[in-house]
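Single-letter residue listing:
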Amino acid sequence: MIVSRLMQLTGKVLSVTGIAGLWIFPANVQAEWKVNLQRPITEIARVQYDLHMMIMAIITVIALIVFAVMFYSIIRFRKSKGAQPAKFTHSTKAEVLWTVIPTLILIGMAVPSTKALLLMEDTTESDMVVKVTGFQWGWHYDYMEENVSFYSMLATPQSQITGSETKGENYLLEVNNHLVLPLGKKVRFLLTAKDVIHAWWVPQLGGKKDAIPGFINEMWVRADETGIFRGQCAELCGKDHGYMPIVVEVVDDAQYQAWLEGRRNQG
Amino acid sequence: MTSTVADHHHDEVPKGITRWLFTTNHKDIGTLYLWFAFIMFLVGGAMSLIIRTELFQPGLQVVDPHFFNQMTTVHALVMVFGAVMPGFVGFANWMIPMMIGAPDMALPRLNNWSFWLLPPAALLLIISLFVPGGGPAAGWTLYPPLSSQGGMGVDFTIFTVHLLGMSSILGSINIIATILNMRAPGMTLMKMPLFVWTWLITAFLLLAAIPVFAGAVTMLLTDRHFGTAFFDPAGGGDPVLFQHIFWFFGHPEVYILILPAFGIISQVIPTFSRKPLFGYTSMVFASVGIAFLSFIVWAHHMYTVGMPLSGELFFMYATMLIAIPTGVKIFNWLATMWRGSMTFETPMLYAIACVALFTVGGLTGLTMSITPADFQYHDTYYIVAHFHYTIFAGSVLGMLAGVYYWLPKWTGHMYDETLGKWHFWLTVIGFNITFFPQHFLGLAGMPRRIPDYALQFADFNQVSTIGAFIMGFAQLILLVVVVKAIRGGKEASSEVWENPEGLEWTVPSPPPYHTFATPPQVR
């Protein structure tokens with residue numbers, strides 16, 4: 001109850017800061033001033049989002065208390081106002097309090113975090129498997145049971161990067177081949193890499209996971225919404241690390257089957 | 001008769017370049033360290049301005065991506081190993097003997113060598129930017145296999161790390177030997193100033209952590225040139241092993257960067273609150289606790305590598321625990337200010353800003369300890385914002401508090417308070433304009449270490465770049481302040497401030513070339 005109210009408050013504070021920023025710096029290219037995590041569209045991403053908002057609320061309150069005490073002291077206990085220094089050097093009561101209360105808060109945070117982690121790491125009972133291979137600089141996707149595989153690389157033209165052409169709406173976040181996923185299916189990803197370490201990350205689908213040569217990592221995604229979702233490689237992987245986006249397209253099952261068929265026919 | 005001759009000999013200050021090359025005097029070596037750190041601070045700062053200029057708007061305008069990666073890498077290495085660590089060693093050299101009533105460091109010749117290892121190391125690192133293939137470009141963490149791909153610039157970096165590491169180890173041995181053996185009669189461990197305590201702990205952290213890092217980069221070197229495959233999966237190696245070794249060093253390292261700053265502000269806040277430090281004993285134990293925890297939390301830097309669930313849980317719980325001793329420290333500083341009688345000279349302003357902004361960095365650190373949420377935060381600008389709030393706002397602002405606090409002692413002249421305040425406000429405002437928006441960028445999904453970004457990140461990046469230039473150029477004011485204080489100004493008394501605590505305030509400002517030839521008696 002209190003937590004949810006605090007969460008609303010944090011949301012408001014964040015948006016006010018954003019609005020204030022907007023007012024000071026008028027729009028230039030495409031004013032967005034986004035200040036928070038992207039809107040989640042999977043269970044994992046939602047759990048992460050809620051956890052994030054809860055912790056943000058807690059730390060905002062702690063920070064406000066610390067700053068309040070600090071500014072009160074700065075205003076109240078200044079020599080120029082004739083403040084006389086006290087002589088105390090410790091207070092067992094206070095010290096016990098500010099050790100025990102944080103401990104309780106931490107326990108309160110650990111419980112939902114543990115639950116969330118258990119959910120995220122449960123890759124069992126998946127409906128399908130996609131193998132993701134990172135390479136310098138792009139992604140290779142392999143629908144292992146469907147005999148479909150393809151490369152997916154940056155589609156933004158060089159001229160937009162160097163500035164000789166106007167940058168498009170999805171500048172740097174567009175690829176030649178989308179990773180198409182069916183709606184509502186639990187997709188298990190197997191991640192690996194060919195050369196160096198990469199990390200596969202689409203914020204709206206949930207967290208990132210490293211794609212490491214010689215290793216196979218796992219994660220899972222179940223999309224609750226159709227649409228196009230964009231992300232990027234999140235582990236420094238060399239010169240073109242900034243140029244290996246990920247685009248996921250979630251469609252309903254019929255469209256997915258049709259897409260698979262089309263892919264197979266392409267060979 | 002004998003003693004007069006000895007005194008005369010002792011007060012003779014050598015002249016010319018040989019004074020600095022051959023010096024074994026802790027004050028001279030401290031000065032060398034501090035100037036070296038300041039130069040590196042400006043060099044690293046210039047690199048960060050190159051980074052921020054490129055990020056002012058989307059697209060590639062100023063540098064190519066490979067050079068951008070070299071800048072992010074070398075900026076971090078220069079700041080961590082060239083500016084912050086040597087800076088604090090400079091403070092240790094100047095202040096520890098004067099604070100514990102010792103005539104000098106325990107091992108003066110070793111002290112000379114630990115300093116003179118630094119310039120060649122720094123030179124190697126800078127030269128690496130000009131060799132074929134360029135400097136290191138895999139991030140300061142030097143993760144293989146990417147770092148194995150680099151040219152000989154990476155080898156230069158490895159040797160740099162070896163030299164800097166050697167310097168740190170020798171420096172730490174010296175500091176430990178000094179603190180444990182050379183305290184004035186009556187100065188028990190639990191009477192030592194907190195700055196001495198935090199440095200004692202830091203020195204042990206360095207001794208434990210640096211050899212591990214040296215080992216990791218040596219393995220990297222043999223992988224690159226001598227056919228081993230520690231980290232190369234093609235040869236049966238394990239790239240994640242490097243990350244484990246690196247962060248086993250890397251996490252203690254971040255406390256190596258922060259603990260001396262905690263020590264400095266624990267000296268500054270009581271002086272300007274005119275009230276003794278609150279909870280001295282708990283401060284000492286909190287520092288020891290932080291140091292201990294730093295060795296069992298390393299993998300929270302690598303939650304996304306695919307650890308077993310039990311590992312993720314362990315590192316999450318252990319990391320969350322750090323919040324407790326860190327909180328104790330913050331609350332103790334607040335309680336020191338509480339019912340004090342405060343004035344706000346530049347050192348106090350820096351100390352307060354350090355506590356306030358480090359609180360922000362500490363709290364965002366707590367958010368990242370939560371593994372499931374960290375899967376979103378990891379490797380984004382949120383992390384960049386977090387560690388600048390800890391390393392810049394914590395370590396560097398703490399160090400600046402120390403510079404202003406002891407500058408009158410070092411030079412014998414009061415610094416220019418007006419310029420000091422300008423420096424403070426421009427630095428702190430510039431810092432917040434630079435780094436606060438980076439929290440938003442990271443949450444909204446901007447990965448770190450990219451030279452170019454999608455359009456929705458444009459606005460906050462512009463703000464951030466403007467802040468970086470304010471903050472960067474403000475540091476030149478510090479140069480002016482220091483040079484002015486060296487050349488003249490109002491004479492400082494030996495106490496400098498109002499009734500400050502500590503032996504360093506019992507000697508004249510500037511102190512004679514040799515202090516405490518006869519140890520003082522501590523009550």
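Residues numbered from 1 in each chain as written. Chains lettered and ligands numbered in written order. Predicted model: local features only at pLDDT ≥ 70, side-chain atom pairs only at ≥ 80, totals over all residues. Heavy atoms only, no water.

Counting its regular elements, chain B contains 18 helices and 0 strands. For chain B, the C-alpha radius of gyration of 23 Å lies close to 24 Å, the compact-globule estimate for 523 residues. Considering only C-alpha atoms, chain B reaches an extent of 75 × 50 × 45 Å along its principal axes. Relative to its 523 residues, chain B shows a buried fraction of 68%. The long-range share in chain B, meaning contacts at least 24 apart out of those at least 6 apart in sequence, stands at 82%. For chain B, the accessible area works out to roughly 16,600 Å², and carbon and sulfur atoms hold 72% of it. In chain B, 20 side chains carry a positive charge and 25 a negative one; their mean positions are 11 Å apart. (Helix = DSSP H or I, 4+ residues; strand = E, 2+ residues; numbered from the N terminus. Rg over C-alpha atoms; globule rule 2.2 N^0.38 Å. Buried < 20%, exposed > 50% of the residue type's maximum accessible area, 1.4 Å probe, protein only. Contact = heavy atoms within 4.5 Å. Areas by Shrake-Rupley, 256 points an atom, 1.4 Å probe, with all protein chains shown as cover. Lys, Arg positive; Asp, Glu negative; His and termini not counted. Charge placed at Lys NZ, Arg CZ, Asp CG, Glu CD.)

Moving on to the sheet that holds strand 4 (residues 179-182) of chain A. Residue and element names in this part refer to chain A. Within the open sheet, the 5 strands sit side by side as 4-10-9-6-7. Their pairing is mixed. Since the sheet does not close on itself, it has two edges, and those belong to strand 4 and strand 7 (209-211), each with one partner. Sheet twist, expressed as the mean angle between neighbouring strand axes with direction ignored, is 30 degrees. The sheet contact formed by strand 6 (residues 198-201) and strand 7 spans 3 bridges and is antiparallel. Note that in strand 7 the partner of A199 across the bridge is D210. (Pairing = 2+ DSSP bridges. Axes fitted to C-alpha atoms, helices over the stretch in contact; angles between N-to-C directions.)

As a further point, take the environment of E43 of chain A. All names here are of chain A. Within the element layout of this structure, E43 appears in helix 2 (residues 43-76). The exposure class assigned to E43 is partly exposed, which follows from its relative accessible area of 36%. Separated by 111 residues in the primary sequence, E43 and L154 have C-alpha atoms spaced 28 Å apart.

Attention now moves to the confidence of the model for chain B. For chain B, the mean per-residue pLDDT works out to 95, and 98% of the residues sit at or above 70. Low pLDDT, under 50, characterises residues 1-9 of chain B; the stretch is placed with 0 contacts to residues that sit more than four places away or in other chains. (pLDDT = per-residue confidence, 0-100.)

On to the sheet that holds strand 1 (residues 128-135) of chain A. Residue and element names in this part refer to chain A. Spatially, the 5 strands line up as an open sheet ordered 3-2-1-5-8, and their pairing is mixed. If you trace the sheet from one side to the other, it starts and ends with strand 3 (148-152) and strand 8 (217-221), each paired once. With direction set aside, neighbouring strand axes in the sheet form an average angle of 20 degrees. Where strand 2 (residues 138-143) and strand 3 come together, 5 bridges link them in antiparallel fashion. Within the sheet, the bridge partner assigned to W139 lies in strand 3 and is S152. On the sheet, helix 5 (residues 253-266) packs against strand 1, strand 2 and strand 3 and is oriented at approximately 85 degrees with respect to strand 3.

Before going further, it helps to examine the interface of chain A and chain B. On the chain B side, the residues contacting the 92 residues of chain A number 96 residues. Each partner contributes to the roughly 8,100 Å² buried at the junction of chain A and chain B, and carbon and sulfur atoms together form 70% of this total. For the chain A face of the interface with chain B, the top three residues by lost area are F88, W98 and L236 of chain A, together amounting to 9%. In this structure, the connection of chain A to chain B is made through 1 salt bridge. There are 26 residue pairs in polar contact (both at pLDDT 80 or more) connecting chain A and chain B. Every element with two or more residues in the side of chain A that touches chain B is listed here: helix 1 (2-24), helix 2, helix 3 (92-120), helix 4 (158-162), strand 7 and strand 9 (227-233) of chain A. (Buried area = accessible area lost by both parts, 1.4 Å probe. Salt bridge = Lys/Arg side-chain N within 4 Å of Asp/Glu carboxyl O. Polar contact = N/O pair within 3.5 Å; in protein donor to acceptor, adjacent residues only side chain to side chain.)

Another point: the domain arrangement of chain A. Residue and element names in this part refer to chain A. The domain architecture assigned to chain A consists of domain 1 (2-121) and domain 2 (128-265). The partner domain 2 presents 14 residues to the 14 residues of domain 1 that form the contact. Taken together, the connections running from domain 1 to domain 2 amount to 3 salt bridges. One salt bridge connects D224 with R46, and the closest N-O pair in it is separated by 2.7 Å. (Domains from an automatic or database assignment.)

So, on to the packing of helix 8 (residues 152-181) of chain B against helix 9 (residues 194-225) of chain B. Residues and elements named next belong to chain B. The contact between helix 8 and helix 9 brings their axes to 8 Å, and the two run at 155 degrees. Compared by their axis directions, helix 8 and helix 9 come out roughly antiparallel. When the axes of helix 8 and helix 9 are compared, the crossing they make is left-handed. Across the contact of helix 8 with helix 9, the residue classes tally to 25 nonpolar, 6 polar and 2 charged. (Parallel < 35°, antiparallel > 145°, perpendicular 65-115°, else oblique. Left-handed = near helix turned anticlockwise from the far one by under 90°. Nonpolar A, V, L, I, M, F, W, Y, C, P; charged D, E, K, R; others polar.)

What follows concerns the packing of helix 3 (residues 26-54) of chain B against helix 18 (residues 458-487) of chain B. Residues and elements named next belong to chain B. Interhelical geometry of helix 3 versus helix 18 gives an angle of 160 degrees and a closest axis separation of 10 Å. Between helix 3 and helix 18, the angle falls in the class roughly antiparallel. Between helix 3 and helix 18 lies a crossing of left-handed hand. Between helix 3, through W35, F38, F41, L42, L49, R52 and T53, and helix 18, the contact on the second element is made entirely by N461, S464, T465, A468, F469, F473, Q475, L478, L479, V482, V483 and I486. Across the contact of helix 3 with helix 18, the residue classes tally to 13 nonpolar, 5 polar and 1 charged.

A separate point is helix 3 of chain A. Compared with the 42 Å implied by 1.5 Å per residue over 29 residues, the 42 Å span of helix 3 of chain A between its first and last C-alpha is a close match. Considered for burial, the residues of helix 3 of chain A that qualify are E95, W98, P102, L106, M109, A110, S113, T114, A116, L117 and M120 of chain A. (Expected span 1.5 Å × (residues − 1).)

Let us now look at unusual backbone geometry. Cis geometry marks the peptide bond from P144 of chain B to P145 of chain B, where omega comes out at 0 degrees. At E125 of chain A, a residue that is not glycine, the phi angle is positive and equals roughly 55 degrees. As for its position among the elements, E125 of chain A is in the loop between helix 3 and strand 1. On the basis of relative accessible area, E125 of chain A is assigned to the exposed category, the value being 75%. A positive phi angle, close to 60 degrees, is found at D379 of chain B, a residue other than glycine. Mapped onto the elements of the fold, D379 of chain B is located in the loop between helix 15 (371-377) and helix 16 (381-411).

Right, let's talk about helix 3 of chain B for a bit. All names here are of chain B. The first and last C-alpha atoms of helix 3 sit 42 Å apart over 29 residues, in line with the 42 Å expected at 1.5 Å per residue. Most of helix 3 is tucked away, with 21 of its 29 residues classed as buried. Two or three places before K27, at the opening of helix 3, N25 has a side-chain oxygen 2.7 Å from that residue's backbone nitrogen.

Attention now moves to the pattern of salt bridges. For the structure on display, the rule yields 15 salt bridges over all chains. Note that E498 of chain B is salt-bridged to K79 of chain A, the shortest N-O span being 2.8 Å. Here E498 of chain B is found in the segment after helix 18, whereas its partner K79 of chain A is found in the loop between helix 2 and helix 3 on a different chain. When the shortest N-O distance is used, the salt bridge between D155 of chain B and R224 of chain B registers 2.7 Å. You can see D155 of chain B sitting in helix 8 and its partner R224 of chain B sitting in helix 9, a full 69 residues away along the chain. Three or more residues are tied together by salt bridges with common partners; here these are K79 of chain A together with R274 and E498 of chain B.

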